[in-house]
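Residue-level structural notes
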Amino acid sequence: MQVTVTVNGQEVTRDVEPRTLLVHFIRDDLLMRGTHWGCDTSNCGACTVWVDDEPVKSCTYLAVQADGKSITTVEGLEKNGELDPIQKGFMECHGLQCGYCTPGMMMVGRALLDKNPHPSEAEIREGISGNICRCTGYKNIVASIQWAAEHPVSTEASEVTA
Amino acid sequence: MTAVEDTPSVPLSPAGNPIGFGRMPRKEDVRFLRGQGNYVDDLNLPGMLHGAVLRSPFAHARINSIDTSAAEALPGVKAVITGETLAGLGLAWMPTLSYDTQAVLATDKVRFQGQEVAFVIAESRYIARDALELIDVDYDPLPVVYDAKKALDADAPVIRDDKEGKTDNHIYDWEAGDKDKTEAAFAAADVVVTEDILYPRVHPAPMETCGSVAHMDPVTGKLTLWTTTQAPHAHRTVYALVAGLPEQKIQVISPDIGGGFGNKVPIYPGYVLSIVGSIVTGKPVKWMEDRSENLMSTGFARDYHMKASIASTKDGKILAVKVDVLADHGAFNGTAQPTKYPAGFFHIFTGSYDYPAAYCNVKAVYTNKAPGGVAYACSFRITEAAYVIERIVDCLAAELKMDPAELRLKNLLKPEQFPYTTPTGWEYDSGDYEKTMRVAMEMAGYEELRKEQAEKRARGEYMGIGISFFTEGVGAGPRKHMDILGLGMADGCDLRVHPTGKAQVRLSVQTQGQGHETTFAQIVAHELGIPPEDIEVIHGDTDNTPFGLGTYGSRSTPVSGAAAALVARKVRDKARLIAAAALECAPDDLEWELGRWYVKGDPSRGRTIQEIAMDAHGPLELPDGVEGHLDAQVVYNPPNLTYPYGCYICVVDVDPGTGQVKVRRFIAVDDCGPRINPTIVEGQVHGGLADGVGMALMELIAFDEEGNNLGGSFMDYLLPTSMECPDWELGETVTPSPHHPIGAKGVGESATVGSPAAVVNAVIDAISPFGVRHADMPLTPANVWRAIQGSPVRTDIAVS
């Protein structure tokens, strides 16, 4: 069946099997490989993307459910050649090692900051608790999100990218 | 709070990076942050087909027949391969890394739940999975060996009846140390403490599962295999030996790898099947396992049943330690460790203490479980060794009513004892253990914590303080003693400095997140003065890198790191000859400073490494015997292992009503010698500490009486999240390895090795007022509660 979604600001239409998972739609149909797959059971969060600005685990969400909606993936974080503060934070604070959980972590981290620009450490830990990282022990991920909170995009820059 | 000090300042490059050791952002991050990594599953070759593996639902069953006709008839299916197909090619069985054999696809019977039975190749991953449902296998279930302790019973079914003359489930007996001397020490001791200690089966569970894309080019006969391997060169050789493929026509590429932790050292049937699939179809074939396949069939870790005894004087001087191990290796002995050591480096269990006698024996058995055993950042089973010694030392402290810190301080090796030969034959290279322990106790505020504990106990609150002091031997290893499948564990390294002074360094090791592209550039920068941003690290591709055994056992820095330093020094020596020619002086007249040879006594006359690089490629007349260009290669054969160590202190709060454990603080002081990039080292320690909390409190692969795997998904195999992990507090001391070119010791697995004992010791310390001296991992709320009630149960099996 036909699915029309807006992915990182671009509308795309594809024919998919009704059972196609959103993560496979993004990776195999749209050939955007930044979104990863890790567990099948919504436990690990490596596949986290936004559907209409809400983080969703795309391994347990059908592509057809996203019809008419807007999807944002890790590839959509960078704007006009400028990394999002969350991306800069992960680089500054060594928030990643193997890089596999990183896109999902950044998507939940960014979503958290959009709702709560100045989260406490406890709020950050709870915010990323649906995402598993096997490399970092989370400390530097927490620090990366804190860094992003302390270095938001300036209003001027936001207007430019809006 | 942190006691980590930044390394002394080194010159900064134009990009602001240290020209040598120090903190700098990782070079690899730029692609990962943009979603531009290149993992195996990201590959999409023209015409590529997808494979899926049918797996056994039974732990032990005879296969009567396999009917693949309905699967083959499904539109989009290109081929279905069974054990029978492979037997015709001589590929139904493959060698393991321990000189055993393992079924690629089962022919006679299945021996563990999740074993590979058939392989479907189809146009899409969905069709391949659909086809699995259409394969009809007729099984006759057989009695199951689900408990290692029953594997050698007279009536136990023989699992490996494929092995000629095999009449039981015994694999090997192995021992180390001096049995008589140890028994004599026990006989003369004031105090003897014995405890049954289980290190249950766990799984490395990297976020990226295992997989491969195989492309056998039907015209050139070249096989290219993109695969999740930590050891691309070793895998290439094994494929050549197993499949009879010419080694020069095999290219193994290990692209970005989403975590390894030892899970990606063995060769799995799926990799072989993707190769066979490509040969059969003439197309590239991708195989990626799902999470359950990863947890149920690939290399597990531990599964050591240990009976440990410690002997001491009444005032706490340790005299001897002995350990009997029953090792559960699963259905095939697929462990990966140096050949000479079938139990890995377990016999380093004597730990960090000074005593004269020790003995261990290890009895390994087959069970109806997945193969594996050496994985999960274990440093070849030093995880088990560090856990058992640190647990039994705490049991001794409890028996003696001594503070566990005091007992450790009393027995730690002294700096002047190094190099120190242990009772089981290891030669520890360097250490100042007491200093490290004092730093950890200082950071923790140990005395205050004990006061707080006493006050809380008086109020009926249960906090615990756990200490672990560990020593690892990493950097396998000297060729004389260490090989895997006959391949010596030396590492090559090539360095080329281009005419403009930019360099490429080619490594045999491969990163799965360790940051090699940054760390190794910093090593070369340190030796040559070329900015790290001007040095490209090339790795993970057997056609483009020198031979070496790969990244596991914390061996990258101890072995390949030494190779990188030495190859850079070789280039530096050659640069000296070229600089002398350019400056028209004798090489002996030149002195090195970072990035430059200059004339002794006249520092203004000199040539930078960049100028020398151009000279080396230019018209400059070179002295006799000096070839042009500025490059070199080395093979580094380590003279010994390196011995990093550390002291960890964990503070927990336990709710005795529910058994819930909260890790409140964790202090980790590591000594891994000089830190090339302290940020990367700290990151590795953080990750290992999370592993320790996970294994101590949550992670478990248990089995029921039918051999069903009870940890086969992330719904059941619980990994630590940000909520279980505290804000790690790190410290360091620096004791260089005397035999390593830059003194570095390796650290990748230190925290995984050292931390479980600290967590368990803390929990037991917390609930010791209930008379608990030991309880097995994982210390889930239920298990802690049962221990408090005085009715612990075995954690590794679930029986009705």
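Cut-offs and rules
- Along every chain, residues carry numbers that run from 1 in the direction the sequence is written.
- The lettering of chains begins at A and the numbering of ligands begins at 1, in the order of writing.
- The predicted origin of the model limits local features to residues at a pLDDT of at least 70 and limits the giving and counting of side-chain atom pairs to 80 or more, whereas totals for whole chains, interfaces and linings rest on all residues.
- Computation of side-chain values: all heavy atoms of the structure, hydrogens and water removed.
- Each pair of aromatic rings taken from Phe, Tyr and Trp, with Trp reduced to its six-membered ring, is defined by centres within 6.5 Å and is described as stacked if the planes are under 30 degrees apart, edge-to-face if over 60, and tilted in the remaining cases.
- Three labels apply to residues, based on accessible area from a 1.4 Å probe with only protein chains included: buried if under 20% of the type maximum, exposed if over 50%, partly exposed otherwise in between.
- In DSSP terms, a helix is any run of H or I states spanning at least four residues, a strand is any run of E spanning at least two, and both are numbered starting from the N terminus.
- The predictor attaches a confidence to each residue, and that confidence, scored 0 to 100, is pLDDT.
- Whether two residues are in contact is decided by their heavy atoms, any of which lying within 4.5 Å being enough.
- The distinction between a cavity and a pocket rests on a 1 Å grid over the protein atoms alone: a 1.4 Å probe fits inside a cavity but cannot get out, while a pocket stays open yet meets protein on both sides within 12 Å along at least five of seven lines, and a residue with an atom within 4 Å of a point counts as lining.
- Grid points are joined across faces, edges and corners, and a volume is the space filled by probe spheres set on the points.
- When residue character is reported, Ala, Val, Leu, Ile, Met, Phe, Trp, Tyr, Cys and Pro are called nonpolar, Asp, Glu, Lys and Arg charged, and the others, Gly included, polar.
- Note on geometry: axes are C-alpha line fits, over the in-contact stretch for helices, and angles between N-to-C directions span 0 to 180 degrees.
- The cut-offs work like this: below 35 degrees is roughly parallel, past 145 is roughly antiparallel, 65 to 115 is roughly perpendicular, and the gaps in between are oblique.
- Crossings are classed by handedness, with left-handed meaning an anticlockwise turn of the near helix from the far one by less than a right angle and right-handed meaning a clockwise turn.

Quick look at the packing of aromatic side chains now. Residues and elements named next belong to chain B. Within this structure, the stated rule accounts for 26 aromatic pairs over all chains. On the basis of an interplanar angle of 55° and a centroid distance of 6.1 Å, the ring pair of Tyr420 and Tyr428 is categorised as tilted. With respect to class, Tyr420 is no different from Tyr428; both count as buried. Considering the side-chain rings of Tyr428 and Tyr643, the 5.0 Å spacing of their centres and the 40° angle between planes classify their relative orientation as tilted. Here Tyr643 lies in the loop between strand S31 (630–636) and strand S32 (645–655) and Tyr428 lies in strand S21 (residues 427–428), a separation of 215 residues in the sequence.

Residues and elements named next belong to chain B. Across chain B, pLDDT averages 97, with 99% of residues at or above 70. This stretch, residues 1–5, has a pLDDT under 50; its non-local contacts, to residues over four places away or in other chains, come to 14 contacts. Both confidence scores are given for the complex: pTM 0.97, ipTM 0.97.

Glancing now at empty space enclosed by the protein. All names here are of chain B. Applying the stated criterion across every chain yields a total of 8 cavities of 30 Å³ or more. Approximately 650 Å³ is the volume found for the largest cavity. Forming the boundary of the largest cavity are 48 residues, of which Gln514, Ser554, Gln684, Gly748 and Glu749 lie nearest the centre. Those elements that place two or more of their residues in the lining of the largest cavity are helix H13 (516–528), helix H14 (556–583) and helix H16 (678–697). Here the element with the most residues in the lining of the largest cavity is H16; it accounts for 6 residues. For the lining of the largest cavity, the class distribution of residues is 19 nonpolar, 23 polar and 6 charged. Of the voids in this model, the second largest cavity is the one considered here, and its volume is about 130 Å³.

We now examine the packing of helix H9 (residues 382–400) of chain B against helix H17 (residues 750–767) of chain B. For any two helices packed against each other, one specifies the inter-axial angle together with the distance between the axes. Residues and elements named next belong to chain B. Close contact between H9 and H17 brings their axes to 8 Å; oriented N to C, the two are set at 30°. Relative to H17, the element H9 lies roughly parallel. H9 and H17 meet at a crossing whose hand is right-handed. The residues of H17 that touch H9, namely those facing Ile382, Thr383, Ala386, Tyr387, Glu390, Arg391 and Asp394, are Thr752, Val753, Pro756, Ala757, Val760, Asn761 and Ile764.

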